[in-house]
Amino acid sequence: MELARDVINGDTEWTALGTDRPVSWKEGNLTVTRTTARTGPGCHNGCFVLLYTDENGKLVKVEGDPESPYNEGRICARCLALPEVVNHPDRLMYPMKRAKEDRGKDKWQRITWDEALDEITEKFNEIKEKWGAKSVQFLQGTGRDISTYILRLAWSFGSPNPGYLLAGSSCYLPRIASLYSETGSFWIADCGQATPERYDDPNYQIPEYMFIWGNNPLQANADGFFGHWVVDLMRRGTKLITIDPRMTWLASRSDLHIRLRSGTDGALALGMLNVIINEDLYDHDFVDKWCYGFDQLKERVQEYPPDKMAEVCWIPEEQLVEAARKFAAGNNTAVQMGLALDMSNAEAIPAIQAIVNMIAITGNYDVPGGMLMPYYILNTGFGWGYDLLTPEEHAQRIGVEKYPFVANGYNFSQPDMVLEAMRTDDPYPVRATWIQTSNPLACTTGEPENQLKSFLNMECNVVVDLFMTPTAMAVADYVLPASTFAERDGLRTCDGCQYGATINKVTQIGEAKGDPEIELMFGHRWNPEAWPWETVDEMHNALLADSFMGNITVDELRQEAPIFKKQTYKKYEKGLIRSDGQPGFNTQTGRIELYSLALQACGLDPLPYYEEPVPSPINDPELFEKYPLILGTGARDYMSFHSEHRQIPTLRNLKKDPEVEINPKTAEKYGIENGDWVWLENQYGKCQHKAKVTPVVAEHMVMADHGWWFPEEDGESPNNYGIWRINVNNLLPNIPGKSGFGTNFKSQFCKIYKVKDGE
Amino acid sequence: MVNSMGRKGLFIDYEYCTGCKTCVVACRMEHNLPQDQFGIVVSEVGPWEIVPGDNHWQYSYVPIPTDQCCGCAERREMGKLPICVQSCQANVMKFGDIDELAASMQEKTKVVCYTIE
């Protein structure tokens, strides 16, 4: 099943800033080029930056572009340190191969791109002949400017299995699936980003309240969302409500900070819905005209009274009630939903659904300073080239038979079943992987030892990356060198960004190539009809022609960027959302489905509900006694992006080790001092982190960094840059929720104790 | 010797400084400083809960220029902002005439102003 896409009436009009700035200019001995920072290294944003190159074409400096309405010259440490990434001596410079028996050993042999193309094509075609194209998995990370191309590459090879190895696809995809299936669109908090005038646009209003639910946007920078916009809004008068067991900087400046037990977001949301409905605080007009299933929702939330839900969340009832009243009372309320919703509960979907419904019944969709429907610049949100496979072939995607709702999210295979299939041949054999923009062994998902077994069971693994990663060293047979965004031309694609922009090449490192070019080269070998373009520019012109910016070429876009579409609020009243031109939302009923027909069609509960996470201190008291702390992980850091940047001197110098945050009272109880190396351990495994004693975390929990490896250590197996000793994923099982989405990576249990000398 | 009428300063509304250390890294990269030296550092003040259970926290970050801060004189000659001011993610820094900056300190609490030159 392919989802309907946002149409916004097929309108292809756009406007530019009209500043007539050149794309590049001279400044003394340096050349300055304006571009978009995306990707690699990975990032969810796409800030506008100025790249400074010297007379030899070497990148020497990066600045934020002061004329960009998106980031206004502002920029984070990772872009500023980009020259250290681009010019790093450890960059992969050319394609390499290694004999299968030498996996894990530093026995690489340089080959040419042509040899890589020939040999990988031959291996993949052999596997295709023997096991079918579906036995090759195409795995990406969260690196973003990749989905457009890797999905097409997978499909053009004949495989219905592009994927992303994170248990329960529990980052972003559950939110997307839930929002799409209930409202027909994706939505993000409206910070005035849809127009170049931003906060000064006369049609824009700041949110009266902004709910920061389960993330720290300042560090996380959700997709197309510059986190520090929240600070802009605070300074203009927006009041924050933060829902997070951690006392973040934003939480400390919030009207209300609800420090709930990890994994109970769904209980809080249902309790709030109960208050909003029973106290008659909802928007009757919007509910009557634009929502479906309100009576069923009203009946359901009676099972979740605020006093009981507050008890579940370990919070005072007054806080829950106050949050509900503020959510509904504001002139407009925006919600920045975060990763915790995907991860903190094995049943992520109903928790997200409860919030989606709360936004609906308070009338906060498609209003200024509420939730914004980002339009898709490029018509690729759910896959460019989906039609390359037949519906029968798509039905072979691993996971959609067992978990039909997975097909509502994104065209990825179900990751937990993929990892199993790689070892067990169930539901069918997987024999090769193509891993691009991802470092799964060090970063992405749980049970890393099982993952290693899965990858070692393959006949061929290809890794495309910037650096030799632990994954590449442990399992790859071929590594292909990828470019940073400074070394390639491209389009800023994916995730419903709210502007059109290009990525502009300014330098070249070794024989590295951009991800889109690599896909095009292999596409030419595997299925030339599916890749009829000679060059990357030609390919991107074709993408643009198929977009909602249909009247622009890459060269024009490079000059005009950023370009914006006309922003209209309350599009559902004006027939601007549905492809049939009728008023309403892009759902079966044309309304926001509080009672979800999409969930019902997949055999799932159509209404939100709450279940305890697994494990739960309430349901599993004996286990909790043995491992008495709740273990969270996955929080972002200013100095890195997931497993990236560990070898970048300036950034590593400011964050040297994997840390675990522990409350001073908890630390005292376990005899741990700030800076001690500690073991975190539970029934699944253990890892070493450095204790950071801080009241930022509640006493009941610890919060551990993820994605760590030590590039300075021995990369060969079994050390693999130290991952087996320091990877918090050793403590995480891969168990998805009933829908196939969501997992519990934020409320497992653990114990903590000091590392002894020599360990 | 700079006349006091001509002094320049760095103004920071630290109520909204988030501690992202963009200024630290921007300065290092602009001026090619050694890894263990900085033109500006960020001091974390807190976090502690002022009255336990009250949910009122002391949790601030305050950037402090070092002796190696030159106010990005070369950039200013080119009509640009100092790199920390331009890059600041929270947009809380200003550079300018000390008299004007001092006057704008009347507008709110939790601001600091450093004389740079």
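Remarks on the overall build of chain A
Then, in step 1: Across its full length, chain A holds 28 helices and 29 strands.
Then, in step 2: Relative to the globule expectation of 27 Å for 759 residues, the C-alpha radius of gyration of chain A, 25 Å, shows essentially globular dimensions.
Then, in step 3: By principal-axis analysis of the C-alpha atoms, chain A measures approximately 70 × 65 × 55 Å.
Then, in step 4: Across the 759 residues of chain A, 64% fall into the buried class.

Some words on the overall build of chain B
Then, in step 1: A count of helical and extended segments in chain B gives 4 helices and 5 strands.
Then, in step 2: If you list the helices and strands of chain B from N to C, you get β-α-β-β-α-α-β-α-β.
Then, in step 3: Overall, the C-alpha framework of chain B stretches about 50 × 35 × 25 Å when taken along its three principal axes.
Then, in step 4: When burial is assessed residue by residue, chain B has 37% of its 117 residues classed as buried.

A word on the confidence of the model for chain B
Then, in step 1: This prediction gives chain B a mean pLDDT of 94; 96% of its residues lie at or above 70.
Then, in step 2: Predicted complex metrics record ipTM = 0.96 and pTM = 0.96.

Focus on unusual backbone geometry
All names here are of chain A.
Then, in step 1: Each neighbour pair has its own omega, and for Gly40 with Pro41 the value is 0°, a cis peptide bond.
Then, in step 2: Topologically, Pro41 is positioned in the loop between β3 (30-36) and β4 (48-53).
Then, in step 3: In this chain, Ala561 is followed by Pro562 through a cis amide linkage whose omega measures 0°.
Then, in step 4: Residues other than glycine seldom take positive phi values, yet Lys570 does so here, at roughly 50°.
Then, in step 5: Position of Lys570 relative to the elements: it lies in the loop between β22 (563-564) and α23 (571-574).
Then, in step 6: Here the phi dihedral of His642 falls at roughly 50°; this positive angle occurs in a residue that is not glycine.
Then, in step 7: Mapped onto the fold, His642 is located in the loop between β24 (629-633) and α26 (649-654).
Then, in step 8: Overall, the presence of 22 C-beta atoms within 10 Å leaves His642 in the buried class.

Describing the sheet that holds strand β11 (residues 209-213) of chain A
Residue and element names in this part refer to chain A.
Then, in step 1: Here we have 4 strands laid out as an open sheet, ordered β13-β12-β11-β15, and parallel in their pairing. At either margin of the open sheet sits one strand with a lone partner, and together these are β13 (256-258) and β15 (333-337). If you compare each strand with its neighbour and ignore which way they point, the axes differ by 15° on average.
Then, in step 2: In the sheet, β11 pairs with strand β12 (residues 239-243) via 5 bridges, with the strands oriented parallel. Bridging from a neighbouring strand, Tyr209 pairs with Lys239 of β12.

Considering the sheet that holds strand β9 (residues 162-163) of chain A
Residues and elements named next belong to chain A.
Then, in step 1: Taken in spatial order, the 7 strands line up as β7-β6-β19-β18-β17-β8-β9 in an open sheet, and their pairing is mixed. Only two strands of the sheet have a single partner each, and these edge strands are β7 (109-110) and β9.
Then, in step 2: The sheet contact formed by strand β18 (residues 460-465) and strand β19 (residues 478-481) spans 4 bridges and is parallel. In the sheet register, Val464 faces β19, and the bridge partner there is Leu480.

Looking at the packing of helix α9 (residues 265-278) of chain A against helix α15 (residues 348-361) of chain A
All names here are of chain A.
Then, in step 1: Orientation of α9 relative to α15, taken along the N-to-C sense of each, is 30°, at an axis distance of 8 Å. Viewed along their axes, α9 and α15 adopt a mutual orientation that is roughly parallel. In the crossing of α9 with α15, the sense of the turn from one axis to the other is left-handed. Contacts between α9 and α15 involve Asp265, Gly266, Ala269, Leu270, Met272, Leu273 and Ile276 from the first element and Pro350, Ala351, Ala354, Ile355, Asn357, Met358 and Ile361 from the second.
Then, in step 2: Split into classes, the residues belonging to the contact of α9 with α15 amount to 11 nonpolar, 2 polar and 1 charged.

Let's talk about the interface of chain B and chain A
Then, in step 1: The partner chain A presents 26 residues to the 23 residues of chain B that form the contact.
Then, in step 2: Elements supplying a minimum of two residues to the side of chain B that touches chain A: α1 (22-31), β2 (40-49), β3 (57-65) and α3 (83-87) of chain B.
Then, in step 3: The dominant element in the side of chain B that touches chain A, judged by the number of residues it contributes, is α1(B), at 5 residues.
Then, in step 4: Residues of the side of chain B that touches chain A, tallied by class, amount to 11 nonpolar, 9 polar and 3 charged.

Some words on the domain arrangement of chain A
Residues and elements named next belong to chain A.
Then, in step 1: Segmenting chain A into domains produces domain 1 (187-371) and domain 2 (621-754).
Then, in step 2: Once you take the C-alpha centre of each, domain 1 and domain 2 turn out to be 28 Å apart.
Then, in step 3: Every contact between the two is made by 20 residues of domain 1 and, on the other side, 25 residues of domain 2.
Then, in step 4: Of all the secondary structure elements, the ones that give two or more residues to the side of domain 1 that touches domain 2 are α6 (217-220), α14 (339-343) and α15.
Then, in step 5: Counting residues per element, the side of domain 1 that touches domain 2 draws most heavily on α14, which supplies 4 residues.
Then, in step 6: In the side of domain 1 that touches domain 2, the residues fall into 9 nonpolar, 6 polar and 5 charged.

Some remarks on the confidence of the model for chain A
Then, in step 1: Residues with a pLDDT of 70 or more make up 96% of chain A, whose mean pLDDT is 94.
Then, in step 2: Contacts of residues 1-9 of chain A to residues separated by more than four positions or lying in other chains number 26 contacts, the stretch itself having pLDDT below 50.

So, the pairing of strand β8 (residues 136-140) of chain A
The two faces of a sheet get side chains in turn, since along a regular strand they alternate between them.
Residues and elements named next belong to chain A.
Then, in step 1: Most of β8 sits out of view: 5 of its 5 residues are buried.
Then, in step 2: Alternating positions in β8 separate into two faces, Val136, Phe138 and Gln140 on one and Gln137 and Leu139 on the other, with burial throughout.
Then, in step 3: Pairing of β8 with strand β17 (residues 432-436), which is carried by 5 bridges, proceeds in the parallel orientation. Bridged to Leu139 within β17 is Ile435.
Then, in step 4: Strand direction decides the pairing type here: β8 and β9, joined by 2 bridges, are parallel. Opposite Phe138, over in β9, you have Pro162 as the bridge partner.

Calculation criteria
Residues numbered from 1 in each chain as written. Chains lettered and ligands numbered in written order. Predicted model: local features only at pLDDT ≥ 70, side-chain atom pairs only at ≥ 80, totals over all residues. Helix = DSSP H or I, 4+ residues; strand = E, 2+ residues; numbered from the N terminus. Rg over C-alpha atoms; globule rule 2.2 N^0.38 Å. Buried ≥ 20, exposed ≤ 12 C-beta atoms within 10 Å, placed from the backbone. pLDDT = per-residue confidence, 0-100. Pairing = 2+ DSSP bridges. Axes fitted to C-alpha atoms, helices over the stretch in contact; angles between N-to-C directions. Parallel < 35°, antiparallel > 145°, perpendicular 65-115°, else oblique. Left-handed = near helix turned anticlockwise from the far one by under 90°. Contact = placed C-beta atoms within 7 Å. Nonpolar A, V, L, I, M, F, W, Y, C, P; charged D, E, K, R; others polar. Domains from an automatic or database assignment.

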